[in-house]
Amino acid sequence: MNAISVIMPLYNAEKYLPEALQSVLNQTYKEFELICIDDCSTDRTRSIIEGFREKDARIKMLINEEHSGAALSRNKGLKMAEGEYIVFLDGDDIFEEELLEKASGAMKKYQADLVLFEYMHVPSELIYTKKTIERTNNFREWYCKDPFSMDTFQPREFPWWASSPCNRMTRKSFLEENNLEFQDLPSCNDVYFAQMSLFCAKKIICLDDRRVMVYARDHSGPQRISNQRNFIYSYYAMEKLCSELKKRNMMGKYTPYLYYRLLDYFRFVLRAQKNEEYKKNFYNFLHEKGITNCIEYGKGYYEQIDAYDRKLLDGFQNKAYESKWFDNLDTYFQFYLRENGAVVCDFTKELITQSQKIILWGVGINGKIFLHYLEEHSIKIFGIVDCDKKKHGMVIDGYKIADPEGFVQEVDYIFVTSRELYKEVTEALKSTKTKVVNLLEMITERKGDA
């Protein structure tokens, strides 16, 4: 029995299929089967697979009797798969050579349901250019060191991993136990599968490897098994996620996670749509019907939803497309600063009255928002710092950004605007008496919603 089943749905994939197949055969880990599902291709896809099969018995081919689409083809491959672990690859994409070795090693080490790894869309001409992803120390500590599940973290601490089946290795028994299959849609058919897997998994681990492990080609041709991109299908995918969570009695504690992800996804779809008419039609569907339907699934749990997300739901329900409110949103931090900023003002003024020196650590989007807020309220702190050396010397609202090392020994309080920064700065200053304050925790209605 092979340890890993690689499932590859194919439709008219002849142009890049040899490269995709070879990237699997080139793997340093050899105990796999490669299941190719030909979805009634009209080009040389089938003959290419047969040519590779003659040279390597690990390749198997299934042939659909009629054109069925990517979802049903993947489901067919899942039923045939004999491997303990499952990975997916499209016929125009390629694996990093050590993917199967590294991912299966993590699966065994952590007894995981899912191993997540880096996945990147690139132009075809750059498909063989090796890339790495920058990761913070906090990311590695939170997601790469010990297995976690969705409810290990607050909703906004749980990253919005791509809704692709190709950025993960999955334990087959986990899929069977949770009855997880692909949704039969012309497009967005992987969204439900990818997201529901995250809701169901008890042990997830991110591969502690900065290398991109799967390279997906960016193009608009018919090489993929499905290329029909009607954005209404993104709604059907998220509606199924809502309905399944309710059906499985998972809605309660996962309601805040669901609506945060649902709203973020719909905003992403709107931003990605370049055709103004299609964009307007999709928004109007959400406005008139879609959002109300999704809220109905969470009926009884509405008060568990974060106030920021309730505001977004209200926007979709009650604001016309022409307002373009979704293009000019407050950030999460900005929203709560507007709502509860008085507590920060009072706290900061009190410290200044006591001659306490305060600096802001981190001058990203939220750091700048906070500085503007202080200026509006005529509050002056001691200084600002950032670890990014490229920012040093820049002036924002009268403050010159400095290196933290030159400041931290002479201040009493350090303000930060996120839990991630709070953890990072607290760890860096654990041998000092300087106090670190998480402003986001101070202003949010629920402590720890950073």
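Each value, and the rule that gives it
- Residues numbered from 1 in each chain as written.
- Predicted model: local features only at pLDDT ≥ 70, side-chain atom pairs only at ≥ 80, totals over all residues.
- Heavy atoms only, no water.
- Helix = DSSP H or I, 4+ residues; strand = E, 2+ residues; numbered from the N terminus.
- Rg over C-alpha atoms; globule rule 2.2 N^0.38 Å.
- Buried < 20%, exposed > 50% of the residue type's maximum accessible area, 1.4 Å probe, protein only.
- Contact = heavy atoms within 4.5 Å.
- Areas by Shrake-Rupley, 256 points an atom, 1.4 Å probe, with all protein chains shown as cover.
- Lys, Arg positive; Asp, Glu negative; His and termini not counted.
- Charge placed at Lys NZ, Arg CZ, Asp CG, Glu CD.
- Pairing = 2+ DSSP bridges.
- Axes fitted to C-alpha atoms, helices over the stretch in contact; angles between N-to-C directions.
- Parallel < 35°, antiparallel > 145°, perpendicular 65-115°, else oblique.
- Left-handed = near helix turned anticlockwise from the far one by under 90°.
- Nonpolar A, V, L, I, M, F, W, Y, C, P; charged D, E, K, R; others polar.
- Phe/Tyr/Trp six-rings, centres within 6.5 Å; stacked < 30°, edge-to-face > 60°.
- Lys NZ or Arg CZ within 6 Å of the ring centre and 35° of its normal.
- Disulfide = S-S within 2.5 Å.
- Core = buried A, V, L, I, M, F, W, Y, C linked by side-chain atoms within 4.5 Å.
- Salt bridge = Lys/Arg side-chain N within 4 Å of Asp/Glu carboxyl O.
- pLDDT = per-residue confidence, 0-100.

Quick look at the overall build of the protein now. A count of helical and extended segments in the protein gives 15 helices and 16 strands. Taking 450 residues into account, the globule formula puts the C-alpha radius of gyration at 22 Å, and the protein, at 25 Å, falls close to it. Projected onto its principal axes, the C-alpha positions of the protein cover 80 × 50 × 40 Å. In the protein, buried positions account for 55% of the 450 residues. Residue pairs in contact within the protein that sit at least 24 positions apart in sequence constitute 76% of those at least 6 positions apart. Accessible area for the protein stands at about 20,400 Å²; split by element, carbon and sulfur atoms hold 47% of it. Counting 63 positive and 69 negative side-chain charges, the protein places the averaged centre of each group 1 Å from the other.

With that settled, the discussion passes to the sheet that holds strand β11 (residues 358-361). Here 6 strands make up an open sheet; going across it, the order is β13-β14-β12-β11-β15-β16 and the pairing mixed. Of all strands in the sheet, those bounded by a partner on one side alone are β13 (395-396) and β16 (435-438). Pairing analysis gives 4 bridges linking strand β15 (residues 413-416) to β16, with the strands arranged parallel. Note that in β16 the partner of V416 across the bridge is N438. Sheet strands in contact with helix α12 (residues 332-353) are β11, β15 and β16, and its direction is about 160 degrees off that of β15.

All right, on to the packing of helix α10 (residues 276-297) against helix α11 (residues 307-318) then. Interaxial distance between α10 and α11 falls to 7 Å at its minimum, and their mutual angle equals 130 degrees. Judged by the inter-axis angle, α10 sits oblique to α11. Crossing geometry of α10 relative to α11 is assigned as left-handed. Of α11, the residues touching α10 (which contributes Y283, L286, H287, I291, T292 and I295) are L313, G315, F316, Q317 and N318. Counted by class, the contact of α10 with α11 contains 6 nonpolar, 5 polar and no charged residues.

Quick look at the packing of aromatic side chains now. This model, assessed by the stated rule, comprises 34 aromatic pairs. Considering the side-chain rings of Y233 and Y236, the 6.0 Å spacing of their centres and the 55 degrees angle between planes classify their relative orientation as tilted. One end of the pair, Y233, and the other, Y236, are both in helix α8 (residues 232-247), 3 residues apart, so they sit about a helical turn from each other. On the accessibility criterion, Y236 (33% relative accessible area) is partly exposed. The interplanar angle of 85 degrees and the centroid separation of 6.1 Å between the aromatic rings of F347 and Y413 together place this pair among those described as edge-to-face. Here the residue F347 occupies a position in helix α12, and Y413 occupies one in strand β15, the gap between them amounting to 66 residues. Stacked on the ring of F182, the Lys or Arg R74 has its end atom at 5.2 Å from the ring centre. In this structure, K380 is placed above the aromatic ring of Y399, and the distance from its NZ or CZ to the ring centre is 4.2 Å.

Tallying each qualifying case throughout the model produces 0 disulfides. Sulfur of C206: no disulfide; nearest cysteine sulfur belongs to C144 and is 5.1 Å away.

This part is about the sheet that holds strand β10 (residues 212-218). Each strand in a sheet pairs with another by means of backbone hydrogen bonds, the pair being arranged parallel or else antiparallel. The mixed open sheet is built from 3 strands, whose spatial order is β5-β10-β7. A single partner strand is all that each edge strand has here, and the edge strands are β5 (94-95) and β7 (118-123). The pairing of β5 with β10 spans 2 bridges and is antiparallel. Looking at the pairing, F95 lines up with V214 of β10.

Orientation of helix α1 (residues 17-25) relative to helix α2 (residues 45-55), taken along the N-to-C sense of each, is 30 degrees, at an axis distance of 10 Å. In terms of orientation, α1 and α2 fall into the roughly parallel class. Crossing angle aside, the handedness with which α1 passes α2 is right-handed. Together, L17, P18, L21, Q22 and L25 of α1 and T45, I48, I49 and F52 of α2 make up the contact between the two elements. Residue composition of the contact of α1 with α2, grouped by class: 7 nonpolar, 2 polar and no charged.

For the rest of this paragraph, the subject is the nonpolar core. Counting residues in hydrophobic clusters, the biggest one holds 141 residues, and the most contacted among them are I4, M8, L100, V115, M169 and F266. It is helix α9 (residues 251-272) that contributes the most residues to this core, 11 residues altogether. With residues up to four places along the chain from it excluded, the contact list for M169 reads I4, Y85, I86, V87, L100, A103, S104, M107, D113, L114, V115 and F117. If you look at the next biggest cluster of nonpolar residues, it comprises 13 residues, including V408, V416, L421 and L429.

This part covers the pattern of salt bridges. Tallied over the entire structure, the rule returns 32 salt bridges. Between E96 and R211 there is a salt bridge, with its nearest N and O atoms 3.5 Å apart. Of the two residues, E96 is situated in the loop between β5 and α4 (99-110) and R211 in the loop between β9 (204-206) and β10; the sequence distance between them amounts to 115 residues. The class for E96 is buried, based on a relative accessible area of 9%. Take R211: its relative accessible area is 23%, and that puts it in the partly exposed class.

Low-confidence regions, as indicated by low pLDDT, have predicted coordinates that should not be scrutinised in detail. Here the protein averages 92 in pLDDT, and 96% of its residues register 70 or above. Predicted confidence is poor over residues 221-228, with pLDDT under 50, and the contacts of this stretch with residues over four places away or in other chains come to 31 contacts. Note that residues 446-450 has pLDDT below 50 and, in this model, 21 contacts with residues that lie over four places away or in other chains.

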